[in-house]
Amino acid sequence: MFTGIIEEMGEITAVAPSGDGWRLTVRAPRAAADAVHGESIAVSGVCLTVVGSTADTFDADVMRQTLDVSAIGSATIGTRVNIEKAMPVGARLGGHIVQGHVDGTGDVLEVRPGAQWSVLRISLPADLAPLVVDKGSISVDGTSLTVSAVSPSTSSGTQDGHWFEVSLIPETLAATTLGLRAVGDRVNLETDILARHVERLLAFRAAPEGGSR
């Protein structure tokens, strides 16, 4: 379990085949300093398990499914990533509940710099659009953010399709990879788990008796 409060920016230093997936080596001195075999670390919002570590790096295996559904699949040596270690029991929940289970990806459609912040508009897959609401929470590359605008429910036929916006304060721009994002970049998305539970419950309520959805 994570909170979406990024602890440091790391860098991928090695990518090696491992079965049908990859083994990544990530340079992240703060996270690696006390990393232990088997613990969970979120890498740009993807929950990975530590399989080895040094004083400033850790290794993690990434299965094929994760590579297919997340932006990790396009990572290369030198890619900067957001790092968060699992939340200890009893710690403050500074962001929102983030599982590290990426629902899908979006593309940066627009970057609007401001005097004190920057606004990102990000495309939203149609199946995730009902789960994202104005002023709700979303994880983008593992960062807990508040949605500041969202496309109308009728946007599927428009040029940009469904989208949402997030407004980034200077701290977020400096402390996470979101400050490096440009139009066309692909980012990991994890919607609010409460919204996903509600959608599932409603699907069962709407299903005909004896059937399933």
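Residues numbered from 1 in each chain as written. Predicted model: local features only at pLDDT ≥ 70, side-chain atom pairs only at ≥ 80, totals over all residues. Heavy atoms only, no water.

Caption draft 1: Looking closely at the sheet that holds strand β10 (residues 143-150). Here six strands make up a closed barrel; going around it, the order is β7-β8-β11-β10-β9-β12 and the pairing antiparallel. The mean inter-strand angle of the sheet, taken between neighbouring strand axes irrespective of direction, is 45 degrees. For strand β8 (residues 118-123) and strand β11 (residues 163-168), the ladder comprises six bridges, and the chain directions are antiparallel. Each bridged residue has a counterpart across the sheet, and for I122 the counterpart in β11 is F164. (Pairing = 2+ DSSP bridges. Helix = DSSP H or I, 4+ residues; strand = E, 2+ residues; numbered from the N terminus. Axes fitted to C-alpha atoms, helices over the stretch in contact; angles between N-to-C directions.)

Caption draft 2: Quick peek at the sheet that holds strand β1 (residues 8-18). Strands sit in the order β1-β2-β5-β4-β3-β6 around a closed barrel of six strands; the barrel is antiparallel. Mean inter-strand twist for the sheet, computed between neighbouring axes without regard to direction, equals 45 degrees.

Caption draft 3: Molecular detail of the pairing of strand β5 (residues 57-62). Sheet topology places strand β2 (residues 21-27) next to β5; six bridges connect them, and they run antiparallel. In the strand pairing of β5, V26 is matched with F58. Direction of pairing for strand β4 (residues 46-53) relative to β5: antiparallel, over a ladder of three bridges. Residue S53 lies in a different strand from β5, and its bridge partner there is F58.

Caption draft 4: Structural context of the nonpolar core. Core analysis: the biggest nonpolar cluster contains 20 residues, and L24, V26, V43, F58, I72 and I83 have the highest contact counts within it. At the level of elements, β2, β3 (40-43), β4, β5 and β6 (80-85) are the ones that each hand at least two residues to this core. Beyond its immediate sequence surroundings of up to four residues, I72 is in contact with W22, L24, V43, V46, V62, L67 and N188. (Core = buried A, V, L, I, M, F, W, Y, C linked by side-chain atoms within 4.5 Å. Buried < 20%, exposed > 50% of the residue type's maximum accessible area, 1.4 Å probe, protein only. Contact = heavy atoms within 4.5 Å.)

Function cannot be read off these values alone, since they describe shape.
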